[in-house]
Structure formats: structure tokens, C-alpha cells
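# Architecture and fold: a report
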Amino acid sequence: RTLIVGGVRYRLFGIDVPDLGQTCERFGRAYPCGSVARTALMDLVAGARVSCRPVSGERAALAGQTDASGRTLAVCKATGVE
């Protein structure tokens, strides 16, 4: 849920993902869903042009401009895909 673009740490707005060390269960078997989510995000942005737009207006008022870790809440796109 965190991307670093141009030296700025962004938290993806409106995205809920498992924590990095979290495990989940599927078909009765545990798997490292946090690591899987991280790898999927890395695959999405690898070699892509990534841009992030901080949330603004009503969305910012609802969410706040930054999260508790100081990351800027943003909508990000990789080669035009949100």
C-alpha cells in the first residue's frame, strides 16, 4: 500500500491490503498473502511510468492528507492504469 515515487512516500488511497507479514487462508491452506500483495504491486509498477496525485477536496477531508506514518494519501497510476 506504499509507493515511493520521486522520493515521496505515498499510501494508496482507498486500497486495503494485508500487512506484509500477514498470512491468509485459501482452500484450507495458509499462504503469505502480505508478501503476495507486495510482489503483485512490484510487478504492476516494474518498468512502468508511475505518477501519483494526492487526494484532494472532499476525499481529502474524509481521509486526511497524510496517514499516521506521514505518507501522503494519493491515487497512483502505472502507465496510465490506476
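The structure presented is a predicted model; accordingly, all values stated were derived computationally and were not measured.

Right, let's talk about helix α1 (residues 33-45) for a bit. With 13 residues, α1 should reach 18 Å at 1.5 Å per residue; the first-to-last C-alpha distance of 19 Å fits that figure. Three or more residues of α1 are buried, namely Cys33, Gly34 and Leu41. The arc that holds every buried residue of α1, seen down its axis, measures 105°, which confines them to one face. Along its buried surface, α1 packs onto β1 (2-5), β2 (8-12), β3 (24-26) and β4 (29-31).

Here we come to the state of the cysteines. Here the structure, examined in full by the defined rule, presents two disulfides. Here Cys24 is linked by a disulfide to Cys33, with a sulfur-sulfur distance of 2.0 Å. Because the sign of the S-S torsion sets the handedness, a value of about 60° for the bond joining Cys24 and Cys33 places this disulfide among the right-handed ones. Taking relative accessible area as the criterion, Cys33 reaches 5% and is therefore assigned buried. What pairs with Cys52 in a disulfide is Cys76, and their sulfur atoms sit 2.1 Å apart. Handedness of the Cys52-Cys76 disulfide follows from its S-S torsion of about 110°: it is right-handed. Taken as a pair, Cys52 in strand β5 (residues 50-54) and Cys76 in strand β6 (residues 72-78) lie far apart in primary sequence, 24 residues in all. Residue Cys76 is classed as buried on the basis of its relative accessible area of 9%. For the protein, numbering the cysteines in disulfides from first to last along the sequence yields the connectivity 1-2, 3-4.

The rules we used
Residues numbered from 1 in each chain as written. Predicted model: local features only at pLDDT ≥ 70, side-chain atom pairs only at ≥ 80, totals over all residues. Heavy atoms only, no water. Helix = DSSP H or I, 4+ residues; strand = E, 2+ residues; numbered from the N terminus. Expected span 1.5 Å × (residues − 1). Buried < 20%, exposed > 50% of the residue type's maximum accessible area, 1.4 Å probe, protein only. Arc of directions from axis to C-beta. Contact = heavy atoms within 4.5 Å. Disulfide = S-S within 2.5 Å.

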